[in-house]
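Architecture and fold: a report
What follows is the residue order along each chain.
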Amino acid sequence: GGLGDVLGGLPPAMAANGHRVMTISPRYDQYKDAWDTEITVELKVGDKTETVRFFHCYKRGVDRVFVDHPLFLEKVWGKTASKIYGPVAGVDFKDNQLRFSLLCQAALEAPRVLNLNSSKHFSRPYGEEVVFIANDWHTALLPCYLKARYKTKGIYKTAKVAFCIHNIAYQGRFAFADFALLNLPDEFKSSFDFIDGYDKPVKGRKINWMKAGILESEIVLTVSPYYAKELVSSVEKGVELDNIIRITGICGIVNGMDVQEWNPLTDKYTTVKYDASAVADAKPLLKEALQAEVGLPVDRDIPVIGFIGRLEE
């Protein structure tokens, strides 16, 4: 969805500005151009020690890193029919907390252990002077592990975390007893402690990953200046985190557009290419082709309105 679009387009734009940029995501598929680095790390997840491998490809100036573990791959290749977060809307897979704890821990190891030199401008591991951008509740444990396990040992002393909210409605609310699964010191408990006021699935005391991410990061960001205002405007709009965000503050930076991918002069999905000078001639032809393909009346004078988004309650 929107987060995928951001992680597709924003990192190459940052790389073009001279930054060294790495994205870290689960390896949900056998991505044909991402190769096994053969580097593994052992991580404590729940009461087990798990081994992850890192896969890597270099595209448009960005190191794309994928965390390889059966917990991720089985969501696509197993019986879940590519459902990533739960069997049906509003229900979590039992291992969600373990999977995303694994991702957060792997993301903290990657800049230190991967010796990537695809770029002619940069080589060597990234090292410790980095800014982590954690996106949504799935990566909200990252600032907590950073403080608890690294900064206390003098590692990542200058590293900072920006926490970005793409959709406040998904917060990672779990049973309060599940805090023990996260292997964090008790002093972090208050950052997770949360009273869920909604009946679905159950009211009451929970842990809330996003609350912890907001409180433990250096800065909180979101996807537009308007959404930043909306999140603190009411309990409904902030989905019960409005009071926390009012305390920390939030900075809205409007989501940009990947001008390479959405360039109508080079778009591989359209039959007629155009730029600003040819748009008036090209668009009616493309509209007629679309109308014909989806079985609408073919008429260049009828407006066609497209909506890309989600429908939910």
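Attention here is on the structure that accompanies the text. All figures in this text were calculated on a predicted structure; none of them were measured in a lab. All residue numbers refer to position in the chain's written sequence, counted from 1. Only residues with pLDDT of at least 70 get local features here, since the model is predicted, and only at 80 or more are side-chain atom pairs given and counted; chain-wide, interface and lining totals rely on the full set of residues. Remark: hydrogens and water are excluded; side-chain values derive from all non-hydrogen atoms of the structure.

Re the sheet that holds strand β7 (residues 173-175)
Applicable threshold: At least two DSSP bridges between two strands are needed for those strands to be called paired. Numbering of helices and strands starts at the N terminus; helices are DSSP runs of H or I of at least 4 residues and strands are runs of E of at least 2. Here an axis means a line fitted to C-alpha atoms, over the contact stretch when the element is a helix, while the angle between two N-to-C directions is reported on a 0 to 180 degree scale. Two residues form a contact once any of their heavy atoms are found within 4.5 Å.
Ordered by their spatial adjacency, three strands build an open sheet running β7-β9-β8, and the pairing between neighbours is antiparallel. Each end of this open sheet is capped by a strand with a single partner; those strands are β7 and β8 (193-196). Going from strand to strand, the sheet's axes swing by 55 degrees on average, the running direction of each strand aside. Taken strand by strand, helix α6 (residues 209-216) contacts β7, β8 and β9 (204-208), and its axis lies near 55 degrees from that of β9.

Section: the side chain of Q291
Test applied: Classification of residues uses two cut-offs on accessible area relative to the type maximum, computed with a 1.4 Å probe and protein chains only: under 20% is buried, over 50% is exposed, and between them is partly exposed. By the criterion applied in these results, polar contacts are pairs of N or O atoms within 3.5 Å in which, for protein atoms, one can donate a hydrogen and the other can accept it, and in which residues neighboring in sequence qualify only through two side-chain atoms.
Mapped onto the fold, Q291 is located in helix α9 (residues 279-294). The exposure class assigned to Q291 is buried, which follows from its relative accessible area of 2%. From its side chain, Q291 meets the backbone nitrogen of D299 in a polar contact 2.9 Å long.

Section: the sheet that holds strand β10 (residues 219-222)
With parallel pairing, the four strands of this open sheet are ordered in space as β5-β6-β10-β11. Single-partner strands in this sheet number two, and they are β5 (131-135) and β11 (251-252). In this structure, β10 lies alongside β11, joined through two bridges in parallel fashion. Across the sheet, T222 pairs through a bridge with G252, a residue of β11. Its contacts with the sheet put α6 on β6 (160-165) and β10, and the angle it makes with β6 is roughly 135 degrees.

Remarks on α6
Three or four residues apart is the spacing at which side chains of an α-helix point the same way, because the helix has 3.6 residues per turn. Most of α6 sits inside the fold, with seven of its eight residues counted as buried. Within α6 the residues assigned to the buried category are W209, M210, K211, A212, G213, I214 and E216. Put simply, N208 is the residue that caps the front of α6, since its side-chain oxygen is 3.0 Å from the backbone nitrogen of M210.

A few points about the layout of surface pockets
Formally: A 1.4 Å probe that fits into a set of points on a 1 Å grid over the protein atoms alone but cannot get out defines a cavity; an open set with protein on both sides within 12 Å along at least five of seven lines defines a pocket, and lining residues are those with an atom within 4 Å of a point. Grid points are joined across faces, edges and corners, and a volume is the space filled by probe spheres set on the points.
Space inside the second largest pocket adds up to approximately 980 Å³. The wall of the second largest pocket is formed by 24 residues, among which W262, D267, Y269, T270 and L286 lie closest to the centre.

Observations regarding the environment of F100
Relative to the helices and strands, F100 is located in helix α3 (residues 96-113). Relative accessible area serves as the criterion here: at 2%, F100 is assigned to the buried category. Other than its neighbours up to four places away in sequence, F100 contacts Y28, Y85, W137, H138 and W209.

Topic: the nonpolar core
Counted only if it meets this: We call a set of buried Ala, Val, Leu, Ile, Met, Phe, Trp, Tyr and Cys residues a nonpolar core when their side-chain atoms join them within 4.5 Å.
One finds F192 and W209 to be the most contacted residues of the largest nonpolar core, which totals 63 residues. Per-element tally for this core: the top contributor is α3, with eight residues. For W209, the contacting residues outside a window of four places in its chain are Q97, F100, S101, W137, H138, A140, L141, Q171, G172, F174, L182 and F192.

Overview of the side chain of T23
Counting through the fold element by element, T23 comes out in strand β1 (residues 21-26). Those residues in contact with T23, other than ones at most four positions away along the chain, are L7, P11, V62, D63, R64 and V65.

Quick word on helix α4 (residues 142-150)
The element α4 is extensively covered by neighbouring structure, given that seven of its nine residues are classed as buried. Of all the positions in α4, only L142, P143, C144, Y145, L146, A148 and Y150 are classed as buried. Tucked inside the fold, the buried residues of α4 contact α3, β5, β6, α5 (189-192) and α6.

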